[in-house]
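Structure assessment
Here are the chains, one letter per residue:
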Amino acid sequence: MFENYHYFLKLAETNNVTQAARELFVTHQCLSRYLAKLEKECGTALFYRKPRFTLTPEGRMLLDTLRQVESLEMDIRQHFREGLEGTSGTIRVGTTEGRFRIFIPPLITSYSALYPHMHLAVTSARPDALEAMMLNNKLDLMLIGQPRQLSRFIKSQIVLQERLYVVLSDAMCRKYFPEAYAAGLEPLKKGIAAEQLIPIPFSFNLPSANSSLILDSFLKRQGVSLNVVHVSNHPDLHHILTTQNYAASFCLTMYLPNLKSINERTENKLHVFPILGLDETNPVAIAYRSDKTAAPYFKALIRTIKKECQYYQDFHPDDLF
């Protein structure tokens, strides 16, 4: 059953015998014979042939098992490689696009100081795509917001509880909150009510983003609709648009240090304020396969991520200036 198990994994990945054979560099006949032999050994069909070539429930069960076998084999090979070459190798890390540019550079720098011969191969994608990559053993660890239920094969740990802030430029504060601006913005630091945001144009993340889900739920409870003039999945772009007074924006905790960097390059400073009544936080988690062997270099990566996240947790809006 485990002989040439990667043949089965490729069939499950492609759902096409011809394509799988081509990518495995074997003949169509060879792969068909392999599948027929495997199904005879299992005593059941592993793929439906019609109307499409797809996994049966028994096939999905075997796929889960063989993915665990693949993960264990990869860990064993890494262990043997360490014995021959010392601690070296690659850890594949993924996160969402917005966090990628903010979180990954300092992570690479901090981790390489501990394990200079370990390479972090990094990628960005949507959370569901990252989860699929992990289940297919294409990813070792991911950092994502965690309102969703992950596969039972994936273990997760919350490493950061993010708050959601509203972001206004200095000029926008002066325009929309003149009395508070004259008082040094102190009244706004306690929070801005949802109805006070109605006259202001805003940039929003995509509807599927965690920040948008939190915000939409809150605004519905408040009976408030905002004037959205721009939507994209680039939070850093939203914040630049705010410096240009085009639209106010929102910011999760991890993005606060990036706002400080923006403030260092602009005269029209950015200010962040809490939203009155918005108590919901965004949990950020690291996740990895539950059958992953916890090698020292992998544990060190987890510790490094937690340390980096603590920096964001401790960052205060007053630190922007």
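This write-up is about the structure you can find in this document. Since the model is a prediction, treat every value here as computed from it, not as a measurement.

1. A short note on the overall build of the protein
A count of helices and strands for the protein gives 12 helices and 12 strands. Along the longest, intermediate and shortest principal axes, the C-alpha atoms of the protein span 80 × 50 × 30 Å. Looking at the 321 residues of the protein, the share that counts as buried comes to 49%. Put simply, of all contacts in the protein between residues at least 6 apart along the chain, 74% involve residues at least 24 apart. For the protein, the exposed surface amounts to about 16200 Å²; the carbon and sulfur share of it is 53%. Averaging the positions of the 36 positive and the 32 negative side-chain charges in the protein gives two centres separated by 5 Å.

2. Structural notes on the sheet that holds strand E7 (residues 164-169)
Taken in spatial order, the 3 strands make up an open sheet running E10-E7-E11, and their pairing is antiparallel. Lying at the two open borders of the sheet, with one neighbouring strand each, are strand E10 (249-252) and strand E11 (270-274). Adjacent strand axes in the sheet meet at a mean angle of 40° when their direction is disregarded. As paired strands, E7 and E10 are joined by 4 bridges and run antiparallel to one another. If you follow Tyr165 over to E10, its bridge partner there is Cys251. Along the sheet, helix H11 (residues 256-263) contacts E7, E10 and E11; its crossing angle with E11, the most-contacted strand, is approximately 150°.

3. Overview of the pattern of salt bridges
All told, the structure shown has 10 salt bridges when counted by the stated rule. With a shortest N-O distance of 2.9 Å, Arg92 and Asp140 are connected by a salt bridge. Linking Arg92 in strand E3 (residues 89-95) with Asp140 in the loop between helix H6 (127-135) and strand E5 (141-145), this pair joins segments that are 48 residues apart in sequence. Residue Asp236 is joined to Arg101 by a salt bridge in which the shortest nitrogen-to-oxygen separation is 3.1 Å. Placement of Asp236 in helix H10 (residues 235-243) and of Arg101 in helix H5 (residues 97-114) is noted, with a sequence separation of 135 residues between them.

4. Some remarks on the sheet that holds strand E6 (residues 154-162)
Strand order in the open sheet formed by 5 strands is E4-E3-E5-E12-E6, with mixed pairing between adjacent strands. Edge positions in the sheet fall to strand E4 (118-124) and E6, since each of these pairs with one other strand and no more. This sheet shows a mean twist of 20° between the axes of neighbouring strands, independent of strand direction. Packing against the sheet, H6 makes contact with E3, E4, E5, E6 and strand E12 (282-289), and its axis sits at approximately 155° to E5.

5. A closer look at the side chain of His271
Take His271: it is sitting in strand E11. What makes His271 buried here is its relative accessible area of 11%. In this structure His271 touches Val166, Val167, Leu168, Ser169, Asp170, Cys173, Leu185 and Phe321, once residues within four positions along its chain are discounted.

6. Structural notes on the environment of Gly145
Checked against the element boundaries, Gly145 lands in strand E5. Classification of Gly145 as buried rests on a relative accessible area of 7%. When the C-alpha atoms of Gly145 and Asn282 are compared, they prove to be 6.6 Å apart, with 137 residues separating the residues in sequence. When neighbours within four sequence positions are excluded, Gly145 is seen to be in contact with Asn210, Asn282, Pro283 and Val284.

7. Considerations on helix H2 (residues 17-24)
Residues of H2 that are buried: Val17, Ala20, Ala21 and Leu24. The buried residues of H2 occupy an angular sector of 100° when the element is viewed end-on, so they sit on one face. Where the residues of H2 are buried, they touch helix H1 (5-14) and helix H3 (28-42). You can read the cap of H2 off the contacts: a side-chain oxygen lies 3.0 Å from the backbone nitrogen of Thr18, and it is on Asn16. Just downstream of H2 lies Phe25, where phi reads positive at about 60°.

Parameters and conventions
- Residue numbers restart at each chain and count upward from 1, following the sequence in its written direction.
- In keeping with the model being predicted, local features are shown solely for residues with a pLDDT of at least 70 and side-chain atom pairs are shown and tallied solely at 80 or more, while totals for entire chains, interfaces and linings include all residues.
- Side-chain measures were taken over the full set of non-hydrogen atoms in the model, leaving aside hydrogen atoms and water.
- In this text, helices come from DSSP runs of H or I with a minimum length of four residues, and strands from runs of E with a minimum of two, each type numbered from the N-terminal end.
- Three exposure classes are used, based on accessible area relative to the maximum for each residue type with a 1.4 Å probe and protein chains only: buried under 20%, partly exposed in between, and exposed over 50%.
- Residue contacts are counted whenever heavy atoms from the two residues lie within 4.5 Å of one another.
- In this description, accessible areas are obtained by the Shrake-Rupley approach with a 1.4 Å probe, and a residue is regarded as covered only by the protein chains that are shown.
- His is not counted here, nor are the chain ends, while Lys and Arg score as positive and Asp and Glu score as negative.
- Here the site of a charge means NZ on Lys, CZ on Arg, CG on Asp, or CD on Glu.
- When DSSP finds at least two bridges between two strands, those strands are taken to pair.
- In this description, a line fitted to the C-alpha atoms serves as the axis of each element, helices being fitted only across the stretch in contact, and the angle between N-to-C directions of two axes falls anywhere from 0 to 180 degrees.
- For this analysis, a salt bridge means a side-chain nitrogen from Lys or Arg found within 4 Å of a carboxyl oxygen belonging to Asp or Glu.
- Note that the arc is computed from the directions linking the helix axis to the C-beta atoms.
- Whenever a nitrogen or oxygen atom comes within 3.5 Å of another N or O atom, the pair is scored as a polar contact, on the condition that within protein one atom can donate a hydrogen and the other can accept it, and that pairs from neighbouring residues in sequence are kept only if both atoms are in side chains.

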